[in-house]
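So the chains spell out like this:
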Amino acid sequence: MKSIAIGTGRRKTAVARVFVREGSGKVVVNGKDVKEYFATEEQVRVVRQPLLVTSNDGKYDIVITVTGGGLNGQAAACLHGISRALTQVDQDSHTALKANGYLTRDSRMVERKKYGQKGARRRFQFSKR
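Residues numbered from 1 in each chain as written. Predicted model: local features only at pLDDT ≥ 70, side-chain atom pairs only at ≥ 80, totals over all residues. Heavy atoms only, no water.

Draft legend 1. Geometry of the overall build of the protein chain. Each helix and strand counted, the protein chain has four helices and five strands in total. When the helices and strands of the protein chain are read in sequence order from the N terminus, they spell out β-β-β-β-α-α-β-α-α. Taken over C-alpha atoms, the radius of gyration comes to 18 Å for the protein chain, far larger than the 14 Å a tight globule of 129 residues would show. Dimensions along the principal axes, computed over C-alpha positions, put the protein chain at roughly 70 × 30 × 25 Å. The buried share of the protein chain, taken over its 129 residues, is 37%. (Helix = DSSP H or I, 4+ residues; strand = E, 2+ residues; numbered from the N terminus. Rg over C-alpha atoms; globule rule 2.2 N^0.38 Å. Buried < 20%, exposed > 50% of the residue type's maximum accessible area, 1.4 Å probe, protein only.)

Right, here's the structure in full:
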């Protein structure tokens with residue numbers, strides 16, 4: 001079945017490729033059902049949020065391929081990807097998604113560890129003598 005829209009979502013180090021197709025509202029993540037793939041109900045809710053906001057819950061089947069990061073980052077990446085794909089399908093949904101902040105890429109990432117230090121910001125204890 002041909003996809004009608006494709007969206008890429010990112011969060012931390014997670015990247016989600018989202019394919020939207022005509023269907024009955026099934027969400028498949030990496031070959032598994034969304035409830036099977038994500039551990040908590042909260043993560044499942046996060047993934048479904050753009051569909052509920054635009055009232056497209058039963059209209060489209062969504063196939064997601066997500067890699068990298070942890071489950072929370074992956075869920076947020078899926079949200080971002082679904083939102084981007086839905087704007088391609090229906091331009092009117094853009095305002096609702098934008099108002100909820102689903103189209104904005106959350107750019108917060110882990111700061112890299114610096115050389116000569118214990119971590120990104122943590123320094124070794126200063127000794128006066």
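Moving on from the coordinates now.
Draft legend 2. Representation of the pairing of strand β2 (residues 14–22) within the structure. Relative to β2, strand β1 (residues 5–11) runs antiparallel, the two being bridged by seven bridges. Each residue of the ladder has a partner; that of alanine 5, found in β2, is valine 20. The antiparallel pairing of β1 with β2 creates a hairpin that spans two residues between the two strands, and lysine 12 there sits at a positive phi of about 55°. In this sheet, strand β5 (residues 60–67) lies alongside β2 in antiparallel orientation, the contact comprising eight bridges. Bridge assignment links glutamate 22 to a residue of β5, and that residue is tyrosine 60. (Pairing = 2+ DSSP bridges.)

Draft legend 3. Spotlight on the packing of helix α2 (residues 41–53) against helix α3 (residues 71–89). Remark: α2 packs on α3, axes separated minimally by 8 Å, with the N-to-C direction vectors making an angle of 10°. It follows that α2 is roughly parallel to α3 by the angle criterion. The segment α2 lies against α3, with Gln43, Val46, Val47, Gln49, Pro50 and Leu51 engaging Leu71, Asn72, Ala75, Ala76, Cys78, Leu79, Ile82, Ser83 and Leu86. Of the residues contributing to the contact of α2 with α3, the split by class is 11 nonpolar, four polar and no charged. (Axes fitted to C-alpha atoms, helices over the stretch in contact; angles between N-to-C directions. Parallel < 35°, antiparallel > 145°, perpendicular 65-115°, else oblique. Contact = heavy atoms within 4.5 Å. Nonpolar A, V, L, I, M, F, W, Y, C, P; charged D, E, K, R; others polar.)

Draft legend 4. Quick look at the nonpolar core. Formed by 27 residues in total, the largest nonpolar core has its most connected members in Val27, Val29, Phe38, Val47, Ile62, Ile64 and Ile82. Counting residues per element, the ones that place at least two in this core are β2, β3 (27–29), α1 (34–37), α2, β5 and α3. Among the elements that line this core, the one with the most residues is α3, at seven residues. Setting aside anything within four residues of it in sequence, one finds phenylalanine 38 in contact with Val29, Gln43, Val44, Val47, Leu71, Gln74, Ala75 and Cys78. (Core = buried A, V, L, I, M, F, W, Y, C linked by side-chain atoms within 4.5 Å.)

Draft legend 5. Inspection of the side chain of histidine 80 at higher detail. Following the sequence through the fold, histidine 80 ends up in helix α3. Among the polar contacts made by the side chain of histidine 80, one reaches the main-chain carbonyl oxygen of leucine 103 at a distance of 3.4 Å. (Polar contact = N/O pair within 3.5 Å; in protein donor to acceptor, adjacent residues only side chain to side chain.)

Draft legend 6. Geometry of the sheet that holds β2. Strand order in the open sheet formed by five strands is β1-β2-β5-β3-β4, and the pairing between neighbours is mixed. Looking at which strands have only one partner, the edges of the open sheet turn out to be β1 and β4 (32–33).

Draft legend 7. Broad picture of α2. Taking 1.5 Å per residue as the helical rise, α2 with its 13 residues ought to reach 18 Å, and the 18 Å between its terminal C-alpha atoms agrees with that figure. The sharpest bend along α2 reaches about 40° and sits at valine 47, with the proline proline 50 one to four residues further on. Taken together, the buried positions of α2 are Gln43, Val44, Val47, Arg48, Pro50 and Leu51. Summarising the contacts, the buried residues of α2 are in contact with β3, α1, β5, α3 and α4 (93–99). (Expected span 1.5 Å × (residues − 1). Bend = angle between axes of the 7 residues up to and from the residue.)

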